[in-house]
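Structural features, examined
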Amino acid sequence: MTTTEDPKVATPERELGRDRRRKEDRRLITGRTRWTDNIQLTGLLHMAIVRSPLAHANIGAIDTSAAKGVPGVIAVYTGADLDAEQSSLPCAFPVNSEQAPPRMRSIAVDKVVFAGEPVALVIARSAATAKDAAELVEVDYDPLDPVLDMEAALQDGAPLVHPELGSNKWAYFELESGAAGTGGDTRQAVRDAESDDDQVVVRRRFRQQRLIPAFMEPRSVVVDPNGEQLTMWSSTQVPHIVKTMTSLLLGIPEHKVRVIAPDVGGGFGGKLQVIPEEWLTVLAARHLGKPVKWTETRSESLLSAHHGRDQIQDITITAKRDGTVTGLDVELLADMGSKMGVFTPAVPVLGAFMYNSIYKFPAYRFAVTDVFTTKTWTDAYRGAGRPEATFAIERIMDELAVELGMEPLELREKNWIKHEEFPFTTVAGLTYDSGNYEAATAKAKELFDYDGLRREQAERRQRGDVKQLGIGISTFTEMCGIAPSRLLGQLGAGAGGWEHSNIRMLPSGKVEVVIGVSPHGQGHETAFSQIVADQLGVPFDDVEILHGDTQVSSRGLDTYGSRSLVVGGISVYKAAEKVVDRAKIFAAHLLEASESDLEFTRGRFSVKGTDKGITMQDIAMAVFTAHDYPENEEPSIDAEATFDPADFSYPHGTHLCATEVDTETGEVSIRSYVCVDDIGEVVNPMIVEGQVHGGLAQGIAQALFEEAAYDESGTLLSGTFVDYTLPSAADLPSFTTDRTTTPSTTNPLGAKGVGEAGTIASTPAVVNSVLDALRQYGVKDIDMPTTPYRVWTALNTAKGTAGRGDEADIASPGAGLGSTASDISKGDTQGGHL
């Protein structure tokens, strides 16, 4: 994987823009880290969970006698034993404020609503004993009809996941530009287009398949109930949220709860949750007065950790014959699964403001219906609503280009916001502060050799090659840094989007920085050290970043939504500014000069026009000794800052993908992938490259490989990595990446988010390229993932040969080549990706 941009070499005085290897990596790759499962405490007990094999059933008798009789078993609990204490899991963003949410138990009592729901706990002296004993717990189930299809779930007479609600519909959210005063009436735009020969209407249904975050480190929890506090170690993205919710909902005084997120091995949104297992570990530990550990198996993780995506998208676009877009209507069904997590109902709403993307639609409507089904609950997965939005708009723009007979990139350019039009208020009501879509696209086209590949594509078509070339486009933007707090409040969020940091100057001049965001692979320790080193003029290695422990970092809203740098990093920047301001007061006193006569450069205050000066380190020691400091001042230059952005940040980019599609086997291979992203000013280019590459891998995986599939009874078919296909490095191409820069105007660093950009943009680029190769055969759409079997089936269906076994036409791919579980459930033995 290569970049065409030379790394930005910082000057000796400057850290921002410097390639720095991540300082946290040494301990991570040499085995000197502490994962939650590595935590060992005196008297530690181990918990195993008995999970329902059925998706929907009433619970009868539970016989725990055999499990209790196993040597080494300390206790066995059922839902009935814990129900009075377990409260209800929190949903911080319910969207629907008109009705009370269903009670979301950590452990089922009388009914299960997804396969994998906890029904009993076994606590033993060893993990192996607990797991063996859990298999001896016998549960009588009275099966109920599963609820698996969203449209069927909304029909009269459908089985109800939560009967107390009277419906499987939870919430309906609508954003309409005409009503909001941000644009015209979308329905009228559709009616006008339908009655005007000079306009077109294109309607498509797209399917966002269900995905599993598949983080590297399985979830793990250790709870110690002893001492003055209850201490929880958890592999979580959100230690502060876990602490607050545990206190509020389990009735433990907040100052008596400490949550520690030690080194966390990935999350991708999958650990943005108050999970049932955290609270079950708390309840077990408190009952027994002993520390308890729970660590999931990989199959448990795939089965019961929350999933992502899973939407039906009905998209209508209207345009004039010259390609000018006139309206966009988006109607979604969103599968929440069986329960509501912290952000479950809000995920599609986060995308509501992004379907219009970079285009100047005069009329726009978005509507989503949240639906309960008897599947594992869904919540945020890398991008959270914005990948779904980008996929829909970039797919429908390609469909519109086909309808109009226009070159797809020219159609986009005709309708996007021009660089001189920023700041630009969109039809969805957001104000994009900066951008240059023309520059990013021009650079991407050059790196991709766009015109040359189009010529090659035409030649292959003319020759009738077996392997056809497809070219896919995705020009995107996204909203990063989940904030500002006031807007989140208007949308129904339970908390704001601010972030907090604290900088402590030690007597020796070293620096401790306490942050509220909690890393799980992003490089916070390195990037934030670079910010502080620049601001304070101290060496990079003299900065220590402290995080993840609510007793050390008492305030914070944690890590998700590409907010770490543009919210958390800015709070660090502002705290450092305050340290400099405080230090200036002491410097003036010690130098016997006026503050207005001082300059601060590279960590040293100097008196203008003289050689008199004092370093930040000398000031730190002088403040510590406190022998000589200004009257009416406290002897401290420490500072803290809370930053609440006035707006989101809006990175953007152009992604171009060339695929070769084998029309005999359906195999898809990526020949070339180029992306040019504009993420504002860059702190550490090396970290940025890693974030982009990882994001591309996950977005491409949705397009080609991954799907969480269920059978007709609600059993997860993709419950292991044998059936849930993750790409390896060998399955991915070398990426060509580059950047353009238009600084954000909403924060002093000029930075924009990057952590989700690759995932958001890449999926439609790949799918558009596959369809671009196949449209000549009459293929209009293929549900993701576009496995060889699905491509082969689409080709044969378009030719009217599917199911005929016509060897004279397109040959069937070989059997057993990595089919998705969904394909297998439909009778496919033909194969997925090689």
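Just so it is clear, the structure is predicted and the values come from calculations on it, not from any experiment.

Right, let's get into the overall build of the protein chain. When helices and strands are counted, the protein chain shows 23 helices and 29 strands. The dimensions of the protein chain, computed from C-alpha atoms along their principal axes, are 90 × 75 × 50 Å. Residue burial in the protein chain is summarised as follows: out of 834 residues, 60% are buried. Taking as baseline every contact in the protein chain between residues at least 6 positions apart, the subset at least 24 positions apart corresponds to 78%. Put simply, the protein chain has 78 plus and 118 minus side-chain charges, and the middle of one group is 2 Å from the middle of the other.

Summarising burial for strand β6 (residues 118-124): 7 of the 7 residues are buried, a large majority. In this structure, strand β2 (residues 45-51) lies alongside β6, joined through 6 bridges in antiparallel fashion. Paired with V50 across the two strands is A120, which belongs to β6. Two strands pair when backbone bridges link them, and strand β4 (residues 73-78) and β6 are joined in this way by 5 bridges, in the antiparallel orientation.

Here we take up the sheet that holds strand β26 (residues 639-643). Taking strand neighbours across the sheet as the criterion, the 4 strands line up as β22-β21-β20-β26 in an open arrangement whose pairing is mixed. Each end of this open sheet is capped by a strand with a single partner; those strands are β22 (543-546) and β26. Each neighbouring strand pair of the sheet contributes to a mean axis angle of 20°, computed without reference to strand direction. Taken together, the 5 bridges between strand β20 (residues 499-505) and strand β21 (residues 511-515) define a ladder with antiparallel strand orientation. Bridge assignment links I503 to a residue of β21, and that residue is V513. On the sheet, helix α18 (residues 564-591) packs against β20, β21 and β26 and is oriented at approximately 145° with respect to β26.

Turning our eyes to something else, we now look at the pattern of salt bridges. Any two side chains of opposite charge can pair, given that their charged atoms come close. If you walk through the whole model with that rule in mind, you get 52 salt bridges. Across the pair R365 and E174 runs a salt bridge whose closest N-O atoms are separated by 2.7 Å. Note that R365 is positioned in strand β16 (residues 364-372) and E174 in strand β8 (residues 169-176), a separation of 191 residues in sequence. Salt bridges linked by common partners bring R51, R219, E277, E296 and E300 together as one network.

Most often, soluble globular proteins have nonpolar side chains that are buried together. Judged by nonpolar contacts, the single largest core of 144 residues is most densely connected at Y355, F366 and Y673. Top contributing element to this core by residue count: helix α12 (residues 386-404), with 9 residues. If sequence neighbours within four positions are ignored, Y355 has contacts with Q311, Q313, I315, L328, V330, L332, Y364, F366, E388, A389, A392 and I393. With 45 residues, the next largest nonpolar core counts I531, A587, A641 and F643 among its residues.

Averaged over every residue, the pLDDT of the protein chain is 93; residues scoring 70 or more account for 94%. A low-confidence stretch, residues 802-818 stays under pLDDT 50, and its non-local contacts, those more than four residues away or across chains, total 37 contacts. Under a pLDDT of 50 for its full length, residues 828-834 has, in the predicted model, 38 contacts with residues more than four places off or in other chains.

Right, let's get into the side chain of T441. For T441, the location among the structural elements is in helix α14 (residues 437-448). Taking relative accessible area as the criterion, T441 reaches 4% and is therefore assigned buried. Among the polar contacts made by the side chain of T441, one reaches the side chain of T654 at a distance of 2.7 Å. Here T441 is in contact with L409, W416, T475 and T654, once residues within four sequence places are set aside.

This part is about unusual backbone geometry. A cis amide bond, omega -5°, links F422 with the succeeding residue P423. Examined against the element boundaries, P423 turns out to sit in the loop between α13 (408-415) and β17 (424-425). For the bond running from M784 to P785, omega is -5°, close enough to zero to count as cis. Residue position: P785 is located in the loop between α21 (757-774) and α22 (788-798).

Interaxial distance between α12 and α13 falls to 9 Å at its minimum, and their mutual angle equals 110°. Put simply, α12 runs roughly perpendicular to α13. As α12 packs across α13, the resulting crossing turns out to be right-handed. Listed contacts from α13 to E394, M397, D398, L400, A401 and L404 of α12 are P408, L411, R412 and N415. Its residues assigned to classes, the contact of α12 with α13 comprises 6 nonpolar, 1 polar and 3 charged.

The subject of this paragraph is the packing of helix α17 (residues 524-536) against α18. α18 packs onto α17 with a crossing angle of 30° between their chain directions and a minimal axis gap of 9 Å. Regarding the angle of α17 to α18, the classification is roughly parallel. Handedness of the α17/α18 crossing: right-handed. Every residue of α18 that contacts α17 at H524, F528, I531, V532, Q535 and L536 is listed here: S564, L565, G568, G569, V572, Y573, A576, E577, V579 and V580. For the contact of α17 with α18, the class distribution of residues is 10 nonpolar, 5 polar and 1 charged.

Another aspect to go through is the packing of aromatic side chains. Tallying each qualifying case throughout the model produces 15 aromatic pairs. Through a chain of ring-to-ring contacts, the aromatic side chains of F93, F343 and Y560 assemble into a single cluster. The ring of F540 carries R20 above its face, with NZ or CZ at 4.1 Å from the centroid. The ring centre of W498 lies 4.8 Å from the NZ or CZ of R555, which sits over that ring.

Here we come to helix α19 (residues 616-625). By the burial criterion, the buried members of α19 are M616, I619, A620, A622 and V623. Angularly, the buried residues of α19 cover 165° about the axis, an arc narrow enough to put them on a single face. Once α19 finishes, A626 follows within two positions and takes phi at roughly 55°, a positive value.

Turning next to the sheet that holds β16. With mixed pairing, 5 strands are arranged side by side in an open sheet as β8-β16-β15-β14-β9. Of all strands in the sheet, those with a lone pairing partner are β8 and β9 (199-211), marking the two edges. Mean inter-strand twist for the sheet, computed between neighbouring axes without regard to direction, equals 10°.

The next point concerns the pairing of strand β24 (residues 604-607). Here strand β23 (residues 598-601) pairs with β24 via 4 bridges, running antiparallel. Bridge pairing links L598 to V607 in β24. Count of turn residues in the β23/β24 antiparallel hairpin: 2 residues, of which R602 carries a positive phi of about 50°. Linking two consecutive strands that pair antiparallel, namely β24 and strand β25 (residues 613-615), is a turn of 5 residues; a positive phi of about 80° is found at G609 within it.

Among the secondary structure elements, V607 is positioned in strand β24. V607 gets classed as buried once you look at its relative accessible area, which sits at 12%. Taking the C-alpha atoms as reference points, V607 and R463, separated by 144 residues in sequence, lie 76 Å from one another. With residues up to four places along the chain from it excluded, the contact list for V607 reads L591, A593, D597, L598 and K612.

Our focus in this paragraph is the state of the cysteines. Applying the stated criterion across every chain, the model contains 0 disulfides. C675 provides the cysteine sulfur closest to C657, a residue in no disulfide bond, and the two sulfurs are 11 Å apart. Its relative accessible area of 0% is what places C675 among the buried residues.

Turning to helix α4 (residues 127-134), a few remarks are in order. Listed as buried for α4 are T129, A130, A133 and A134. In an axial view of α4, the angular spread of the buried residues amounts to 130°, which keeps them on one side of the axis. Buried-residue contacts for α4 involve β2, α2 (65-68), β4 and β6.

Cut-offs used in this document
Every chain is numbered independently, its residues counted from 1 as its sequence is written. Reporting of local features is limited, given that this is a predicted model, to residues whose pLDDT is at least 70; pairs of side-chain atoms are given and counted only at 80 or more, and all residues count toward the totals for whole chains, interfaces and linings. Side-chain measures were taken over the full set of non-hydrogen atoms in the model, leaving aside hydrogen atoms and water. Secondary structure elements follow DSSP: runs of H or I of four or more residues count as helices, runs of E of two or more count as strands, with numbering from the N terminus. Here's how the labels work: a residue is buried when its accessible area is under 20% of the maximum for its type, exposed when over 50%, partly exposed in between, all with a 1.4 Å probe on protein chains only. Any two residues whose heavy atoms approach within 4.5 Å at even a single point are treated as in contact. Charged residues are defined here as Lys and Arg on the positive side and Asp and Glu on the negative side; His and the ends of the chain fall outside this count. Every charge is mapped to an atom, namely NZ of Lys, CZ of Arg, CG of Asp or CD of Glu. Strand pairing is assigned whenever DSSP identifies at least 2 bridges connecting the two strands. Angles run from 0 to 180 degrees between N-to-C directions of axes, and those axes are lines fitted to C-alpha atoms, restricted for helices to the stretch in contact. Take a side-chain nitrogen of Lys or Arg and a carboxyl oxygen of Asp or Glu: if they are within 4 Å of each other, that pair is a salt bridge. Grouping buried Ala, Val, Leu, Ile, Met, Phe, Trp, Tyr and Cys residues that are joined through side-chain atoms within 4.5 Å yields what is termed a nonpolar core. Within a predicted model, pLDDT stands for the predictor's per-residue confidence, ranging from 0 to 100. Residues adjacent in sequence count toward polar contacts only when both atoms are side-chain atoms; beyond that, a polar contact is any pair of N or O atoms within 3.5 Å, and within protein one must be able to donate a hydrogen and the other to accept it. Throughout, the term roughly parallel applies to angles under 35 degrees, roughly antiparallel to angles over 145, roughly perpendicular to angles from 65 to 115, and oblique to all others. By convention the crossing between two helices is left-handed if the near helix lies anticlockwise of the far one by an angle smaller than a right angle, and right-handed if it lies clockwise. Basically, the charged four are Asp, Glu, Lys and Arg, the nonpolar ten are Ala, Val, Leu, Ile, Met, Phe, Trp, Tyr, Cys and Pro, and anything else, Gly included, counts as polar. Whether two aromatic rings pair depends on their centres lying within 6.5 Å, for rings of Phe, Tyr and Trp, where Trp uses its six-membered ring; planes under 30 degrees apart make the pair stacked, over 60 edge-to-face, and the rest tilted. The criterion for a charge sitting over a ring is simple: Lys NZ or Arg CZ within 6 Å of the ring centre, and within 35 degrees of the ring normal. This arc is built from the directions going out from the helix axis to the C-beta atoms. Note on terminology: disulfide denotes any pair of cysteine sulfur atoms within 2.5 Å.

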